[in-house]
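# Coordinate inspection notes
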Amino acid sequence: MPAKLNSKTKCPLVGIIMGSTSDWETMSHAAHTLDALRIPHETRVVSAHRTPDLLFTYASQAEQRGIEVIIAGAGGAAHLPGMTASKTVLPVFGVPVESKTLKGLDSLLSIAQMPGGIPVGTLAIGKAGAINAALLAAATLGNKYPKIREDLKKFRSSQTKNVLAVPDPAKFAASNSKSKKGKRK
Ligand code: RP5
């Protein structure tokens, strides 16, 4: 049955969690995408390794707090999305954060290679993955909340318009560099 979004209570529907404050640069793109779609969300640092008890509490209580989708970002030995998924039946989308040593390939494989039975929807490494995790969360919520579905459709059509508005990248680059020079004067 379609549900109404209660914008007054602003009860978060999406929980964005990450292993460290150092993941914020990447995970902020998920938060900003949800902001653009007007989807109430919360952001928290929850580390699988440094705060395992908090992780268990967060994941096991998320559903009863009204959270409907969890986005979990982590880098390196990225156990956060998988361990979160093991403690909830809510959909969990994992964002591999780019690591310094292995450029996020370690994070990607850690998150993607879940054993059968405990799924994590794994996104691309870094910014694109964070944005797409938010869009997938919106698509999931859109099945229940018609307003979110409509906002997602608007987002997609404005993205299409923006691309079609710049058919020639050479002209775009030239006009960009002219306006930058103008500003410098
Ligand atoms: C992971 O270790 C975090 O998700 C982060 O990507 C990585 C490094 O954390 P810091 O040492 O920067 O706190 O748990």
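Residues numbered from 1 in each chain as written. Predicted model: local features only at pLDDT ≥ 70, side-chain atom pairs only at ≥ 80, totals over all residues. Heavy atoms only, no water.

### Overview of the site of the ligand
Heads up, the rule is: Residues are counted as near a molecule or strand when any one of their heavy atoms sits within 4 Å of it. For the purposes of these results, a polar contact is taken to be a pair of N or O atoms within 3.5 Å, where, inside protein, one atom must be able to donate a hydrogen and its partner to accept one; residues adjacent in sequence count only when each atom of the pair is a side-chain atom. Here the Shrake-Rupley method, with its probe set to 1.4 Å, supplies the accessible areas, and only the displayed protein chains count as covering residues. In the cavity and pocket records, a cavity denotes points on a 1 Å grid over the protein atoms alone where a 1.4 Å probe fits but cannot get out, a pocket denotes an open set with protein on both sides within 12 Å along at least 5 of 7 lines, and lining residues are residues with an atom within 4 Å of a point. Cavity and pocket membership follows a simple rule, namely that a molecule belongs there if more than half of its atoms are within 2 Å of the grid points. Polar here means any residue outside two lists: the nonpolar Ala, Val, Leu, Ile, Met, Phe, Trp, Tyr, Cys and Pro, and the charged Asp, Glu, Lys and Arg; Gly therefore counts as polar.
Near the ligand the following residues occur: Gly-19, Ser-20, Ser-22, Asp-23, Arg-50, Ala-74 and Gly-75. Between the ligand and Asp-23 there is a distance of 2.6 Å, counted from an oxygen atom to a side-chain nitrogen or oxygen. The contact in question runs from an oxygen atom of the ligand to an N or O atom on the backbone of Gly-75, over 3.0 Å. Here the ligand, which alone exposes 370 Å², has 65% of that area covered by the protein. Because more than half of its atoms lie within 2 Å of the grid, the ligand is assigned to the largest pocket. By residue class, the composition of the shell around the ligand is one nonpolar, four polar and two charged.

### A look at the packing of helix H1 (residues 24–36) against helix H5 (residues 127–142)
Heads up, the condition is: Lines are fitted to the C-alpha atoms to define the axes, a helix being fitted only along its stretch in contact, and any angle between axes, read from their N-to-C directions, falls within 0 to 180 degrees. Numbering of helices and strands runs from the N terminus, with a helix taken as a DSSP run of H or I at least four residues long and a strand as a DSSP run of E at least two residues long. Small angles under 35 degrees read as roughly parallel and large ones over 145 as roughly antiparallel, with 65 to 115 read as roughly perpendicular and the rest as oblique. Two helices that cross are described as forming a left-handed crossing if the nearer one is turned anticlockwise from the farther one by less than a right angle, and a right-handed crossing if clockwise. Only heavy atoms matter for contacts: two residues are in contact if any of them lie within 4.5 Å across the pair.
Between H1 and H5, the shortest axis-to-axis distance is 7 Å and the interhelical angle comes to 30°. Regarding the angle of H1 to H5, the classification is roughly parallel. As for how H1 packs across H5, the hand of that crossing is right-handed. Each of Thr-26, Met-27, His-29, Ala-30, Thr-33 and Leu-34 in H1 lies in contact with H5, whose residues at this interface are Lys-127, Ala-130, Ile-131, Ala-134 and Leu-135. For the contact of H1 with H5, the per-class residue count stands at seven nonpolar, three polar and one charged.

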